[in-house]
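A closer look at the structure
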Amino acid sequence: MSEEPENWSRLHPATLAIRAIERLPQLVLGLPAAAYFIGDSGIGVALLLAVIGLAASMLYAFVYWRRFTYWVGPEQLVIESGIVNRNRRTIPFDRIQDISLEQKLLARIFGVSIVRIETGSSGGDEGELDCVSRSEADHLRDRIRAYRAGNAVSASVTDESALEERPPLYSMGFGRLIIAGLFNFSLVFLAILGGVWQYLGSYLPTEYLDPSRWTGDYRKEAAGLISALSVVSFAILLLLVGIVSGLMRTIARDFGFRLTRTETGLRRERGLFTRTDVVIPLRRVQAGIVFTGIIKRLFGWHALAVQSLGSDGSAGTHHEVAPLAKLDELTPVLDELTLPLPPPGRDFVRVSPKLIWRSWTQDGLALGIAALIASFFWSGWPLLLVAAPFLLIAPVLQFRAHGYCFAKDILFVRRGFWRPRVTILPLAKVQSATLVRGPTQQGFGLATLAIGTAGASLATPLRILDLEEDTARRVLGEQMLLD
Amino acid sequence: MVEHQETGRGGEAGLTALDPRQKTVLRIRAMLFGLAPLAMLSVADFVLNRELGFPFGWGISLGLLLYIFAVLGLPGRRYRRWGYRKEARAIRIASGWLVRRETVVPYVRVQHIDVSRGPIERAFGVATLTLHTAGSYNSTVDLPGLAINDANRMRDDIREHINQDMA
């Protein structure tokens, strides 16, 4: 530590107000639980306990806030925190990979922002300032960016404003947002309603929801009407709920979507209530993924995500950089990533058609075994055979959607019938490759090529399924790694 | 450099086999790790017999059969599937009895290398070479059953490759 700085800063005081407001809902939701545990002594005691709890947690938050200080040095950020065990963390600007700003609704009202600093050491956030004022956050980011660009701190301001003038690489107008929302039909609201129901169900007067109360003596007349009308109206209701919740989710997430180029990466701003501002450094980008849906594709809509070493909160390491765009709108973004557009479908090489037979064999065996076991204790086991037609069709669709294509030093892999996606992977980013041959595949002489890339989700590594064994070996040996 | 022994059957042509002592290591491990499933099946047998009146002996005999296969049959088969070859710019590692895998890791992509030895491995003078890559799939690639000197030599060789590529 060179010199002990005088100008330690604290987080913005609004942090405390935000904490308090954030805890209120917990308090309200916790009340029934508290009342339950206390039993008969009534809501008054529960309320008192809850208020004491809130006060205690606010006291903790206040002490923590008092003891949390940071200092922005000429070439490092120092954070001191901890109430009893003091922790002093020094993050050199050199090591900072990624700075993202996030503003939830409350934070926007108070004009503050969470600053997340990532150094790429172990994954996760290595430094978090929650929250500082928006101007302070911007200042911090500019300072770090300027340092990394090799400029003097003072000279950076003009460059920065010049950069901001550049038109965005991609942005979403309101019309586009509505279209995206319509495609994002979702029934997630039903799940939320179900959850609320579970929680509050016992507090609601259930007799209103008992159908016999409403049908009563008219039961017979009503029954016929209900069966026809209610099915239709229920379907329409579901449709409406799906459309509305899709629209709301999309607007909340992607409102004001803007993608711009900074000197080191792509900067994405989006969100209506929670506004996020993320910089994706270009050199951390591993692959591009162009994905669409079976209906979206009919209208020529696609989306682009990049697979990066950074983390994007809950979205893992896939950053969506264009949620809904025509292919030619993706070109400028892909150009910045130095990735090409995926070639047209006819350029893709199909995998072995034996994929279909291999799937039928495996699925048939699995279904047979399941039916056999079920037949011992379930008289309705023949119902399982309803799955058979789907199992027959699915591999055919999968086969038709699957393919790969090599173009110079780029590998394209496309997959998926309902949600077609093309992965654009520069061969230089391939970390390892494995030929996997399961027992069924050995029988058919097939091999799956699994490709290890950095930042991919572990559940779905990049795979080319069911190549002929010699083709797979040739691809592995000549094209992937060893040339 | 260890002399190249071709794997007799299975595997891919031109692969170097593991140290023969690895077969014993695999067998001892199978003996130890097989005990838990054997015990579970025996207990299940006992409980099913007592509580539900299942005929006695099913679980135990199934467990014993599996145990005998795991100890006597499986280690040899698994051992024969293992093999590796050092290419000019990558290492190729094959393994797997039921599901066969063949992994290629370019030396440039190796992030760091471990040579590790458990108690059983130490007793038989073998070691496991572990290559770490940046990929999330195959983030570690194991090559067990190398004589300790070979493992150390391979580690140094690969390290040299990495250094050359960095230069």
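Report on the accompanying structure. (Residues numbered from 1 in each chain as written. Chains lettered and ligands numbered in written order. Predicted model: local features only at pLDDT ≥ 70, side-chain atom pairs only at ≥ 80, totals over all residues. Heavy atoms only, no water.)

So, the overall build of chain B
Stated formally: Strands here mean DSSP runs of E at least two residues long; helices mean DSSP runs of H or I at least four residues long; both are numbered from the N terminus. For a compact globule the rule gives 2.2 Å times the number of residues to the power 0.38, and the radius of gyration it is set against comes from C-alpha atoms. Partly exposed residues are those whose accessible area sits between 20% and 50% of the maximum for their type, while under 20% is buried and over 50% is exposed, using a 1.4 Å probe and protein chains only. It only takes one pair of heavy atoms within 4.5 Å for two residues to be counted as in contact. Using the Shrake-Rupley algorithm and a 1.4 Å probe, accessible areas are obtained, with residue cover drawn only from the displayed protein chains. Neither His nor the chain termini are counted; the positive set is Lys and Arg, and the negative set is Asp and Glu. We put the charge of a Lys on NZ, of an Arg on CZ, of an Asp on CG and of a Glu on CD.
The number of helices and strands found in chain B is five helices and six strands. Along chain B, helices (α) and strands (β) appear in the sequence α-α-α-β-β-β-β-α-β-β-α when read from the amino end. Computed over C-alpha atoms, the radius of gyration of chain B comes to 20 Å, more than 25% over the 15 Å expected from 2.2 N^0.38 for 167 residues, which places it beyond the range of a compact globule. Across its three principal directions, the C-alpha atoms of chain B cover 70 × 35 × 30 Å. Expressed as a percentage of the 167 residues in chain B, the buried residues total 42%. Put simply, 49% of the contacts in chain B that link residues at least 6 apart link residues at least 24 apart. Of the roughly 9200 Å² that chain B leaves accessible, carbon and sulfur atoms contribute 59%. Once the 22 positive and 16 negative side-chain charges of chain B are each reduced to a mean point, those two points are 4 Å apart.

Some remarks on the overall build of chain A
Scanning chain A from N- to C-terminus turns up 15 helices and 20 strands. The proportion of buried residues among the 483 residues of chain A is 41%. Sequence-distant contacts, at least 24 apart, represent 56% of the contacts inside chain A between residues at least 6 apart. Carbon and sulfur atoms form 64% of the exposed surface of chain A, whose accessible area is close to 25800 Å².

Section: the packing of helix α12 (residues 354-377) of chain A against helix α13 (residues 387-401) of chain A
Residue and element names in this part refer to chain A. Inclusion rule: Whenever a helix is involved, its axis is fitted only over the stretch in contact; in every case the axis is a line through C-alpha atoms, and angles between N-to-C directions fall within 0 to 180 degrees. Roughly parallel covers angles under 35 degrees, roughly antiparallel covers those over 145, roughly perpendicular covers 65 to 115, and oblique covers all other angles. Here a crossing is taken to be left-handed if its near helix is turned anticlockwise relative to the far helix by less than a right angle, and right-handed if that turn runs clockwise. Classification used: nonpolar for Ala, Val, Leu, Ile, Met, Phe, Trp, Tyr, Cys and Pro, charged for Asp, Glu, Lys and Arg, polar for all others including Gly.
As a packed pair, α12 and α13 sit with axes 9 Å apart at the nearest point and diverge in direction by 155°. Classified by the angle between their axes, α12 and α13 sit roughly antiparallel to one another. When the axes of α12 and α13 are compared, the crossing they make is right-handed. Here α12 contributes L355, I356, S359, W360, D363 and L367 to the contact with α13, which in turn contributes A387, A388, L391, L392, P395, V396, Q398 and F399. The residue makeup of the contact of α12 with α13, split by class, is eleven nonpolar, two polar and one charged.

What to know about the pattern of salt bridges
Residues and elements named next belong to chain B. What counts, and what does not: Criterion for a salt bridge: a side-chain nitrogen of Lys or Arg within 4 Å of a carboxyl oxygen of Asp or Glu.
Under the defined criterion, the tally for this structure stands at 32 salt bridges over all chains. Between R92 and E102 there is a salt bridge, with its nearest N and O atoms 2.7 Å apart. Of this pair, R92 sits in strand β2 (residues 90-95) while E102 sits in strand β3 (residues 100-106), and the two are ten residues apart along the sequence. Judged by relative accessible area, R92 falls into the buried class, the value being 12%. On the accessibility criterion, E102 (3% relative accessible area) is buried. Among the ionic pairs, D156 bridges to R155, the shortest N-O distance being 3.5 Å. When its relative accessible area of 31% is taken as the criterion, D156 is described as partly exposed.

Overview of the packing of helix α2 (residues 35-52) of chain B against helix α3 (residues 58-81) of chain B
All names here are of chain B. Between α2 and α3, the shortest axis-to-axis distance is 7 Å and the interhelical angle comes to 165°. Classified by the angle their axes make, α2 and α3 are roughly antiparallel. Every pair of crossing elements has a handedness; the one defined by α2 and α3 is right-handed. Counting all contacts with α2, which are made through L35, L38, L41, S42 and D45, the residues of α3 involved are W58, G59, I60, G63, L64, L66 and Y67. Taken together, the residues that form the contact of α2 with α3 break down as eight nonpolar, three polar and one charged.

Points about the sheet that holds strand β10 (residues 265-270) of chain A
All names here are of chain A. Filter applied, for reference: For two strands to count as paired, DSSP must find a minimum of two bridges between them.
Reading across the sheet, the seven strands line up as β7-β6-β5-β11-β10-β9-β8 and stay open at both edges, with antiparallel pairing between neighbours. The sheet is open, and its two edges are formed by β7 (127-133) and β8 (170-171), each paired on a single side. Examined bridge by bridge, strand β5 (residues 98-103) and strand β11 (residues 275-281) share four bridges and lie antiparallel to one another. Bridging from a neighbouring strand, L101 pairs with D277 of β11.

What about the interface of chain A and chain B?
To keep it simple, the criterion reads: Values labelled buried area give the accessible surface lost by two parts on being combined, using a 1.4 Å probe and summing over both.
Contact with chain A, which involves 30 residues of that partner, is made by 21 residues of chain B. Both sides together, the interface formed by chain A and chain B hides about 2000 Å², and carbon and sulfur atoms give 51% of it. There are one salt bridge connecting chain A and chain B. A:R473 serves as the salt-bridge partner of B:E102, at 2.7 Å between the closest nitrogen and oxygen. Counting residues per element, the ones that place at least two in the side of chain A that touches chain B are β18 (430-437), α14 (439-444), β19 (446-453) and α15 (469-481) of chain A. A per-element tally of the side of chain A that touches chain B places β18(A) first, with eight residues. Classifying every residue of the side of chain A that touches chain B by side-chain character gives 16 nonpolar, ten polar and four charged. One ladder, built from five bridges, connects β18(A) with β3(B); its direction is antiparallel. Each residue of the ladder has a partner; that of A:T434, found in β3(B), is B:T103.

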